[in-house]
Amino acid sequence: MPQTLTAQAATLADFIDAHRRLFVLTGAGCSTDSGIPDYRDTDGSWKRTPPVTYQAFMGEERTRQRYWARSLLGWRHFGQAQPNATHHALQRLEASDRLALLVTQNVDGLHQRAGSRQVIDLHGRLDTVRCMACERRLPRADFQHTLERLNPGWLQHQAGEAPDGDADLEVGDFDTFLVPACPACAGVLKPDVVFFGENVPRARVTDAMHALAAADAVLVVGSSLMVFSGYRFVHAAVRAGTPVAAINLGRTRADPLLSLKIEQPCAEALAFLLD
Ligand SMILES: [Zn+2]
């Protein structure tokens, strides 16, 4: 290992040792080793078409047809993703009673699959589908069977994996794709995740802020913090005088506010926790 990486690892270990209760905030960089692509490049800019907005999804049947057709293909990969060394390392922090709370911006549920329990899924979970009219919730795996049954021809399309269970499927039009409605009330079904243009439910933010107030330090893992929903916790921490360390390949929105910045892949930077 090059000298600089060894030095960085020691510094991060010192930071973690020095602060007993850590508020951990994770992002897409945590899950790329699990085969889930991220949206942004090292400069924090979009490296692909930005995701669908809440307004477009709720407002247009055509947007929902396109979303679910791509999701039909994307889920086959996303639904099989397994936690990686980063998720396991962060689970160790909780197991050793060092965690105030883990707040994730990811919607893949991989922290819980790795055994973490003190987790807030800030942006919800893709493994659940929710009716926007009656609030009924369905397992995404069951919904997948319904999509497959209604749209058998679509399974033959090839498409690369995209972030958040999306797939890079581009066809002439999506008009023939059948989108099932809520089985109880015929309402619009939506993944139980916070889309762009949609607010994070207030209770999640309040609970996270309480945990942040009781924490001794913040550790950001694999996030560029470009989205305000995550950035606000770092901003609040700094205002309260709580130190913040971040592991991220590339720039983060909070770089000027950080006490420590580790530019390394997350799993490499946290490997010492698994020793
Ligand atoms: Zn319903």
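Refer to the structure above for everything that follows.
Residues numbered from 1 in each chain as written. Predicted model: local features only at pLDDT ≥ 70, side-chain atom pairs only at ≥ 80, totals over all residues. Heavy atoms only, no water.

Draft legend 1. Structural detail: the packing of aromatic side chains. What the rule picks out here adds up to 10 aromatic pairs. Aromatic side chains Trp-154 and Phe-174 sit 5.8 Å apart centroid to centroid with 20° between the ring planes, which places their arrangement in the stacked category. Of this pair, Trp-154 sits in the loop between α6 (140-150) and β6 (189-193) while Phe-174 sits in the loop between α6 and β6; the two residues are 20 residues apart in sequence, bridging distant segments of the chain. We note that Trp-154, like Phe-174, is buried. One aromatic cluster is present, formed by Phe-57, Tyr-67, Trp-68, Phe-143 and Phe-195 through successive ring pairs. Cation over ring: Arg-253 sits above Tyr-231, and NZ or CZ is 4.1 Å from the ring centre. (Phe/Tyr/Trp six-rings, centres within 6.5 Å; stacked < 30°, edge-to-face > 60°. Helix = DSSP H or I, 4+ residues; strand = E, 2+ residues; numbered from the N terminus. Buried < 20%, exposed > 50% of the residue type's maximum accessible area, 1.4 Å probe, protein only. Lys NZ or Arg CZ within 6 Å of the ring centre and 35° of its normal.)

Draft legend 2. Representation of the sheet that holds strand β9 (residues 260-262) within the structure. Reading across from one edge, β3-β2-β1-β7-β8-β9 is the order of the 6 strands in this open sheet, with parallel pairing throughout. Across the chains shown, the open sheet's two edge strands, defined by having one partner strand only, are β3 (119-121) and β9. Direction aside, the axes of adjacent strands within the sheet are offset by 15° on average. Two strands pair when backbone bridges link them, and strand β7 (residues 217-221) and strand β8 (residues 244-247) are joined in this way by 4 bridges, in the parallel orientation. Counterpart to Val-221 in the pairing with β8 is Ile-247. In this fold helix α4 (residues 85-95) packs onto β1 (22-26), β2 (99-104) and β7, with an angle of close to 160° to the strand it touches most, β1. On top of the sheet, helix α7 (residues 202-213) reaches β1, β2, β3 and β7; it is set at about 145° to β2, its chief contact. (Pairing = 2+ DSSP bridges. Axes fitted to C-alpha atoms, helices over the stretch in contact; angles between N-to-C directions. Contact = heavy atoms within 4.5 Å.)

Draft legend 3. Geometry of the coordination of the zinc ion. Protein-derived ligands of the zinc ion are Cys-131 (SG), Cys-134 (SG), Cys-182 (SG) and Cys-185 (SG), with the metal-ligand distances lying across 2.3 Å. Considering all 4 donor atoms around the zinc ion, angles at the metal cover 99 to 115° and the coordination shape is tetrahedral. Within one chain, the residues serving as donors to the zinc ion are arranged as C-x2-C-x47-C-x2-C. Pair noted here: Cys-131 is in strand β4 (residues 124-131) and Cys-182 is in the loop between α6 and β6, with a separation of 51 residues, a long-range link. (Donors = N, O, S within 2.8 Å, 3.2 Å for Na, K, Ca; no water. Tetrahedral: all angles 85-135°; square planar, octahedral: opposite > 155°, others 65-115°.)

Draft legend 4. Just the pattern of salt bridges, in detail. With the rule as written, the count across this model stands at 16 salt bridges. Arg-70 is the partner of Asp-166 in a salt bridge, and the nearest nitrogen-oxygen pair spans 2.9 Å. Here Asp-166, found in the loop between α6 and β6, pairs with Arg-70, found in helix α3 (residues 61-78); they are 96 residues apart in sequence, far enough to count as distant. Look at Arg-70 and you get buried, because its relative accessible area is 7%. Members of the salt-bridge network, linked through shared partners, are Arg-66, Arg-70, Asp-166, Asp-168 and Glu-170. (Salt bridge = Lys/Arg side-chain N within 4 Å of Asp/Glu carboxyl O.)

Draft legend 5. Highlighting the packing of α7 against helix α8 (residues 228-239). Where α7 contacts α8, the two axes come as close as 11 Å, and the packing angle between them is 35°. Crossing hand, α7 versus α8: right-handed. Along the contact surface, α7 presents Val-205, Ala-208, Met-209 and Leu-212, while α8 presents Arg-232, Phe-233, Ala-236 and Ala-237. For the contact of α7 with α8, the residue count by class is 7 nonpolar, no polar and 1 charged. (Left-handed = near helix turned anticlockwise from the far one by under 90°. Nonpolar A, V, L, I, M, F, W, Y, C, P; charged D, E, K, R; others polar.)

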